[in-house]
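Spelled out from the first residue to the last, the chains are:
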Amino acid sequence: MNIRRLPILFVLAAATLAAAPGPATLTIHARSPKGEPVADAVVSLHPLDGAAVPPPAAAGEVAQQNQEFTSYVTVVQAGTRVVFPNKDTVQHHVYSLSKAKKFELPLYNPGQNESIVFDTPGLVTLGCNIHDWMLAYLVVVPTPWFAKTDAQGLATVTAPAGRYRLELWHPRLSAALTQEITLTTATTDQRDFALTLKPDRRIRRGGATKSGGYR
Amino acid sequence: MAFRLFRFRHFSRQLLLLLAGLIAVVQVSVYLLVTRANQRNAREHIGQNLQVGARIFQSTIREQIATLAGSAKLMSNDYATRQLLMQEPLDRITLKSNLNSYLKRVNVPVITIFSPEGEPLALTDYLLGTENVGPFRYLIHKAGEQDMEQASDFAYLNGQLHLLVVVPLFAPYPNIAAWFGLAYPIDAKFAGTLKEITQLDVTFSSTEDGARPRVLASTLNPDMAGMIAGYGAARTTSAQDIRTVTLGGEPYVTLFLPLPLLGDDPARIALQRSLTAELAPARELENVVLLISLTALAAATLAALWIARGVSQPVQQLAAHTKLVAAGDYSRRLDLPREDELGQLASAFNHMTAGLAERDRVRDLLGKVVSPEIATQLLQSDLQLGGEEREVTILFCDLRDFTTFSERLAPTEVLALLNRYLDRMSTIIEQHGGVIDKYIGDAIMALFGAPVAAADAPARAIAAARDMAHALDVLNRELAAEGKPGLAFGIGINTARVVAGNMGSRTRLNYTVIGDGVNLASRLESLTKDPAYGTPIIVSEATLSALPARPPARELGEVQVKGKAKAVRIFALTAKGESTPPYLP
């Protein structure tokens, strides 16, 4: 019910925005071929007309809590400083071996806030040296116009009118999807994507909270 | 005595029992031998499999130890872990979370880290508390003392059987900075894996609570596993032991192998395979053998019945025929168209019947032709017919003037009268044990004491002569009544040693006697014609002398016998005048 009503809400919202000249709104709906909503899909709009890109506004954050990263997928504009606060009870040793940014934050205690600036666009896969199951993706994009689908598979990007290359990425997608899109001022566009995802191969966390199935 | 219990009235049953019994004995023996051999083979085969299974188990354990030790060594060289261990003070919580990470890497449920002194630094929370680290500490102590790069053993963690391995963290080698301890559970999954490889049922059991055995892990159902755990639990065996254990009515060949365990609680592995399952292919063979046996038995029974019928039917025929022959019926013949011994027997039997009939016929005929005594002697064939000298009393009897008598009658009447006369006289002679030697026209020659010797032959001859005279009187009265003329005869009797035997040609023989004594008897008969003697019966002195009691007799004087120097004294049997009939002494 909600899913069906949402587009209507967005249409209403777009109509409100269209009253005054302003940015266009794009709604993305990511679903699996079976129709199940796909969360954590990253959509970004790359201007094709050489439009000026504003610098990054806020800092990003990938926290460690309960021996997991929060959140699983984070999108930041290139040049953003990302903080890795340890909100846990144990130490962590965050690292990445990705091309976009190779780094490590050696064992640091709960309460410490380490931060790193990510300049190069690309995918940064985050891990923890002492907790194998900890995994997070930091997607660094050269544009401020991006969004991440929520649990309903919906994401909304607001950007100035113009021609863009739309990129859609997901951890379990074999390659990013791209398409050209033209946004018109004060309109709302919606794109549906049927994503064929690979199996989830994350390490299941052992021991800590379960008794291992013995007795 | 036992033999009497089985008295067979029918040959067929005997044969049936014999054949069927023999076949049954052979088949039962074969069946039992096959079954026993199969059982023995199955046991041996299972025994070998069990030993292979035991070696596989031991080799699996060795591999597991090597794997665990290798994993522990890799862990001990993990940089991040070393960083964690370097921190002062030690962050035990983080270290534990780090160990949890390793659980997945090395796929074991328990990982521990101890200080070089054996103090537990961190343990994955599978272990409920430090009370379970005893076996690890024992191993660390042992490895440290013996300067080993690893140590392993079986031990209980929370009552569950585990394989423990401890490996030192060298920093740097050979300085021991910490100990890694890993535990691998010997559980149902492990038992299942072992069963998959060995095709044997696997049971791990302990007797840690004193005498009460406990199943640690098993591929059997809980009841059977409990029985295996309890089997011979009180007995402590140091080496592997193969036994047959009956579980749920099914025999299982079982190998018990004690496990070296830390501490005093014994544990053991039992590997087993169902004998019934192992024998299943052999059972098929046994069933085939059984089927063949039963078929052979049925065939043997039928064959025995058929053969018995073939034998007993003709035998019954023969028996019935024998009864007929015994009853004197020689007319029937057996009809057995067979080539075998029974056919030969039937043929011989027919010959015998024919022979018997022939003999009967001959005996009948002989009795008519010769006197019954001679006939009997001839048939018995024990008579010496070649001629012998013996004392015989000879009686001659001749009718007076029969020639003139016969001229007055028709020939048929003559013969009828003669036969009537001869019949009566012959009957009397035979009644007295005399033998008709021959008829010479109207004369009779009879022998007493031949061919069968008789001591009282002279007395018999005289008694016969008297009866003959009496019989003649009777006959004469009959003839007179018929209006016919009477008859008169003369009798001469002599006793002498004569030659007796069969005389004649090769094809025709007569039993008779010859000698002077015979001639004398004939002569005496002729003398009765002389009216001077006035008697119908003349007896020689030799005969009278041979009598045990000399009867009254009238001496008639002496007669000169041809060829003899001495005269012979003769007597009339009547003491007085002629009027007295000779038959009244």
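Residues numbered from 1 in each chain as written. Chains lettered and ligands numbered in written order. Predicted model: local features only at pLDDT ≥ 70, side-chain atom pairs only at ≥ 80, totals over all residues. Heavy atoms only, no water.

### A short note on the overall build of chain A
Operational definition: Elements are defined by DSSP. Helices are runs of H or I of four residues or more, strands are runs of E of two residues or more, and each kind is numbered from the N terminus. The cut-offs for exposure are 20% and 50% of the maximum accessible area for each residue type, with area from a 1.4 Å probe on protein chains only; residues under the lower value are buried, those over the upper are exposed, and the others partly exposed. Between two residues, a contact is recorded if the distance between any of their heavy atoms is within 4.5 Å. Using the Shrake-Rupley algorithm and a 1.4 Å probe, accessible areas are obtained, with residue cover drawn only from the displayed protein chains.
Counting its secondary structure elements, chain A contains one helix and 17 strands. For chain A, the proportion of its 215 residues judged to be buried stands at 41%. Contacts in chain A between residues far apart in sequence, at least 24 positions, make up 64% of those at least 6 positions apart. When the accessible surface of chain A is summed, it comes to about 11,000 Å², and 53% of that surface belongs to carbon and sulfur atoms.

### Focus on the overall build of chain B
The secondary structure content of chain B amounts to 15 helices and 18 strands. Long-range pairs, those at least 24 residues apart, make up 59% of the contacts in chain B with a sequence separation of at least 6. Carbon and sulfur atoms make up 56% of the accessible area of chain B, which totals about 30,900 Å².

### Things to note about the pairing of strand S5 (residues 176-185) of chain B
Regular strands show a simple pattern: their side chains alternate between the two faces of the sheet. All names here are of chain B. Note the cut-off: The criterion for strand pairing is that DSSP finds at least two bridges linking the strands in question.
Among the 10 residues of S5, eight are classified as buried, and the element is accordingly described as predominantly covered. Of the strand pairs in this sheet, strand S1 (residues 110-114) and S5 are connected by five bridges, and their pairing is antiparallel. The residue of S5 that forms the bridge with Val110 is Ala183. As consecutive antiparallel partners, strand S4 (residues 160-170) and S5 are separated by five residues.

### Notes on the environment of B:Ile93
Checked against the element boundaries, B:Ile93 lands in helix H4 (residues 92-106). Given a relative accessible area of 53%, B:Ile93 falls into the exposed group. Considered as a pair, B:Ile93 and B:Leu121 are 28 residues apart in the sequence and their alpha carbons are 9.6 Å apart. Among all residues touching B:Ile93, those that are not within four sequence positions of it are A:Thr89 and A:Val90.

### Remarks on the pattern of salt bridges
Note the cut-off: Salt bridge, as used here, is a side-chain nitrogen of Lys or Arg placed within 4 Å of a carboxyl oxygen of Asp or Glu.
Here the structure, examined in full by the defined rule, presents 28 salt bridges over all chains. Salt-bridge contacts for A:Arg202 lead to A:Asp200; the nearest nitrogen and oxygen are separated by 3.2 Å. Residue class for A:Arg202 comes out partly exposed when judged on its relative accessible area of 39%. Two residues, B:Glu389 and B:Arg497, come together in a salt bridge whose shortest N-O distance is 3.6 Å. Note that B:Glu389 is positioned in strand S11 (residues 388-399) and B:Arg497 in strand S14 (residues 489-504), a separation of 108 residues in sequence. Taking the relative accessible area as the measure of exposure, B:Glu389 reaches 53% and is therefore exposed. Counted as one network, the salt bridges with shared partners bring together B:Arg420, B:Arg424, B:Glu478, B:Glu482 and B:Lys484.

### Description of the sheet that holds strand S1 (residues 24-31) of chain A
Residues and elements named next belong to chain A. The condition that has to hold: Comment: axis = line fitted to C-alpha atoms, over the contacting stretch for helices; angle = value between 0 and 180 degrees taken between N-to-C directions.
Here three strands make up an open sheet; going across it, the order is S14-S1-S17 and the pairing mixed. The open sheet has two edge strands, strand S14 (154-159) and strand S17 (188-194), and neither has a second partner. Pairwise comparison of adjacent strand axes, ignoring direction, gives a mean angle of 20 degrees for this sheet.

### Let's talk about unusual backbone geometry
The omega torsion of the bond from A:Thr70 to A:Ser71 falls at 5 degrees, within 30 degrees of zero and hence cis. A positive phi angle, close to 45 degrees, is found at B:Asp401, a residue other than glycine. With respect to the helices and strands, the residue B:Asp401 is situated in the loop between S11 and helix H11 (402-407).

### What to know about the nonpolar core
Across soluble globular proteins, nonpolar side chains show a tendency to be buried alongside one another. Put simply, the rule reads: Working definition of a nonpolar core: buried Ala, Val, Leu, Ile, Met, Phe, Trp, Tyr and Cys residues. They are joined through side-chain atoms within 4.5 Å.
With 77 residues, the main nonpolar core has A:Phe84, B:Phe57, B:Ile111 and B:Phe204 as its most contacted residues. Residue contributions to this core peak at 11 residues, all from helix H2 (residues 11-76) of chain B. The contact partners of B:Phe204, leaving out residues within four places of it in the chain, are B:Phe57, B:Leu161, B:Ile186, B:Phe190, B:Ala191, B:Arg214, B:Val215, B:Leu216, B:Ala217, B:Leu259, B:Arg268 and B:Ile269.

### A word on helix H13 (residues 457-481) of chain B
As a reminder of what qualifies: By this rule the span expected of a helix is its residue count minus one, scaled by 1.5 Å.
End to end, H13(B) covers 36 Å across 25 residues, agreeing with the expected 36 Å (1.5 Å per residue, within 8%). Phi turns positive one or two residues past the end of H13(B), at B:Gly483, with a value near 80 degrees.

### With respect to the sheet that holds strand S16 (residues 177-183) of chain A
In a beta sheet, neighbouring strands pair by backbone hydrogen bonds and run either parallel or antiparallel. All names here are of chain A. Strand order in the open sheet formed by four strands is S13-S2-S15-S16, with antiparallel pairing between adjacent strands. Bordering the open sheet on either side are strand S13 (146-148) and S16, each of which pairs with just one other strand. Direction aside, the axes of adjacent strands within the sheet are offset by 20 degrees on average. When strand S15 (residues 162-169) meets S16, the two strands line up antiparallel, connected through seven bridges. Residue pairing for S16: Gly162 is matched across the bridge by Leu183.

### Topic: the packing of aromatic side chains
Filter applied, for reference: In this analysis, rings of Phe, Tyr and Trp, with Trp reduced to its six-membered ring, are considered paired at centre separations within 6.5 Å, and the interplanar angle assigns stacked below 30 degrees, edge-to-face beyond 60, and tilted for intermediate values. Two conditions define a charge located above a ring, namely a distance within 6 Å from the ring centre to NZ of Lys or CZ of Arg, and an angle within 35 degrees of the ring normal.
Counting across every chain of the model gives 14 aromatic pairs over all chains. Relative to A:Trp169, the ring of A:Tyr137 has its centre 5.7 Å away and its plane inclined at 65 degrees; by these criteria the two rings are edge-to-face. Of the two residues, A:Tyr137 sits in strand S12 (residues 131-141) while A:Trp169 sits in strand S15, which places them 32 residues apart along the sequence. The same class applies to A:Tyr137 as to A:Trp169, namely buried. Through a chain of ring-to-ring contacts, the aromatic side chains of B:Phe57, B:Phe154, B:Tyr184, B:Phe190 and B:Phe204 assemble into a single cluster. Seen from the ring of A:Tyr72, A:Arg202 lies directly overhead, with NZ or CZ sitting 3.8 Å from the centre.

### Some thoughts on the side chain of B:Thr81
Residues and elements named next belong to chain B. Checked against the element boundaries, Thr81 lands in helix H3 (residues 79-86). Classification of Thr81 by relative accessible area gives buried; the value is 1%. What Thr81 contacts, discounting residues up to four positions off in sequence, is Met75, Asn98, Tyr102 and Phe180.

### Looking at the environment of B:Ala546
Residues and elements named next belong to chain B. Examined against the element boundaries, Ala546 turns out to sit in helix H15 (residues 541-546). With relative accessibility at 33%, the residue Ala546 sits in the partly exposed group. Remark: the alpha-carbon pair of Ala546 and Pro458, spanning 88 residues in sequence, is separated by 6.5 Å.

### What about the pairing of S15(A)?
By the bridge criterion, six bridges tie strand S2 (residues 42-47) of chain A to S15(A) in an arrangement that is antiparallel. Bridge pairing in S15(A) links A:Ser44 to A:Glu167.

### Some points on the packing of H3(B) against H4(B)
Residue and element names in this part refer to chain B. The cut-off we apply is this: Orientation categories follow fixed angle ranges, with anything under 35 degrees roughly parallel, anything over 145 roughly antiparallel, 65 to 115 roughly perpendicular, and all other angles oblique. Crossing handedness follows the turn of the near helix against the far one: under a right angle anticlockwise gives a left-handed crossing, and clockwise gives a right-handed one. Amino acids outside the nonpolar list (Ala, Val, Leu, Ile, Met, Phe, Trp, Tyr, Cys, Pro) and the charged list (Asp, Glu, Lys, Arg) are all regarded as polar, and Gly is one of them.
H4 packs onto H3 with a crossing angle of 160 degrees between their chain directions and a minimal axis gap of 10 Å. Put simply, H3 runs roughly antiparallel to H4. For the crossing formed where H3 meets H4, the hand is left-handed. Contact residues: Thr81, Leu84 and Leu85 in H3; Thr94, Leu95, Asn98 and Tyr102 in H4. Considering only residue class, the contact of H3 with H4 consists of four nonpolar, three polar and no charged.

### A few points about the packing of H2(B) against helix H8 (residues 275-326) of chain B
Relative orientation of the contacting elements H2(B) and H8(B) amounts to 170 degrees, with a least axis distance of 8 Å. The angle between H2(B) and H8(B) places the two elements in the roughly antiparallel class.

### A few points about the confidence of the model for chain A
Residues and elements named next belong to chain A. The cut-off we apply is this: The pLDDT score gives, residue by residue, the confidence of the prediction method on a 0 to 100 scale.
Model confidence for chain A is summarised by a mean pLDDT of 84, while 85% of its residues fall at 70 or above. Per-element mean pLDDT across chain A ranges from 47 in helix H1 (residues 2-18) up to 95 in strand S6 (residues 73-77). Below pLDDT 50 for its whole length, residues 6-21 participates in 13 contacts with residues either more than four positions away or in separate chains.

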